[in-house]
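# Descriptive structure summary
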Amino acid sequence: MQILIKLLVAGAGITMAHGGFANPDELHCARGTGDCNVNVHVTKAKEGVACQANVGNGRIRVKRDAGPVRHVWKIVAAPKDKAQYEWDIPNGIEIIKDTDHQVLNFGINKNGHFWILNANTVAGSEIEYIARVHQVVKNSKSEKCESVDPRIVNDL
């Protein structure tokens, strides 16, 4: 019985330790490690509900290591979802707050992924954005998907 209790306590301690390392909704990026890749998960529109574009990470934390970081978003649909999705041009990632002017440039790359270049020069600066995705429907008409507004944060 005492051994069982000790094992349970040890297991709980390990679980709590792993949970305390990082916020699962937070992605960590640094300069020199390649692009900071982020998925935008889309869900198909249903009757009365618009399609939704949800960024898998509510916050992107950028390590302060002097130099710009390129963030690249990829649209990902559920495996059984046969709908076609595309970025809103030119605002695939619409910047809704960039007080410290950290966004240097943006666009769509040859693979069809949207990217922005973050200057990463102001400690603690935040870039708030919305993923603007359309679902293509009949006759090339498109429907704007709902989205959330995550943010990019430069480390202090």
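Structure first, text after, so check above.
Residues numbered from 1 in each chain as written. Predicted model: local features only at pLDDT ≥ 70, side-chain atom pairs only at ≥ 80, totals over all residues. Heavy atoms only, no water.

### Side note on the environment of Gln102
The topology assignment puts Gln102 in the loop between strand S7 (93-97) and strand S8 (103-108). Owing to a relative accessible area of 1%, Gln102 belongs among the buried residues under this scheme. Residues Gln102 and Pro68, spaced 34 residues apart in sequence, show a C-alpha to C-alpha distance of 9.0 Å. A distance of 3.2 Å separates a polar side-chain atom of Gln102 from the backbone oxygen of Asp100. (Helix = DSSP H or I, 4+ residues; strand = E, 2+ residues; numbered from the N terminus. Buried < 20%, exposed > 50% of the residue type's maximum accessible area, 1.4 Å probe, protein only. Polar contact = N/O pair within 3.5 Å; in protein donor to acceptor, adjacent residues only side chain to side chain.)

### Some details on the state of the cysteines
Per the counting criterion, the structure on display carries two disulfides. The disulfide bridge from Cys29 ends at Cys36, spanning 1.8 Å between sulfur atoms. Around the S-S axis, the bridge from Cys29 to Cys36 shows a dihedral of about 55° and counts as right-handed. Judged by relative accessible area, Cys29 falls into the buried class, the value being 10%. The disulfide bridge from Cys51 ends at Cys145, spanning 2.1 Å between sulfur atoms. Between Cys51 and Cys145 the sulfur-sulfur dihedral comes to about -95°; the bridge is accordingly left-handed. In this pair, Cys51 sits in the loop between strand S2 (36-43) and strand S3 (52-55) while Cys145 sits in the loop between strand S12 (142-144) and strand S13 (146-147), placing the two residues 94 residues apart along the sequence. Assigned by exposure class, Cys51 and Cys145 land together as buried. Here the chain pairs its bonded cysteines, counted in sequence order, in the arrangement 1-2, 3-4. (Disulfide = S-S within 2.5 Å.)

### As for the sheet that holds strand S4 (residues 59-62)
On the basis of which strands lie adjacent, the open sheet formed by five strands has the order S1-S4-S14-S10-S7 and mixed pairing. Single-partner strands in this sheet number two, and they are strand S1 (26-29) and S7. On average, adjacent strands in this sheet sit at an angle of 25° to one another, irrespective of strand direction. (Pairing = 2+ DSSP bridges. Axes fitted to C-alpha atoms, helices over the stretch in contact; angles between N-to-C directions.)

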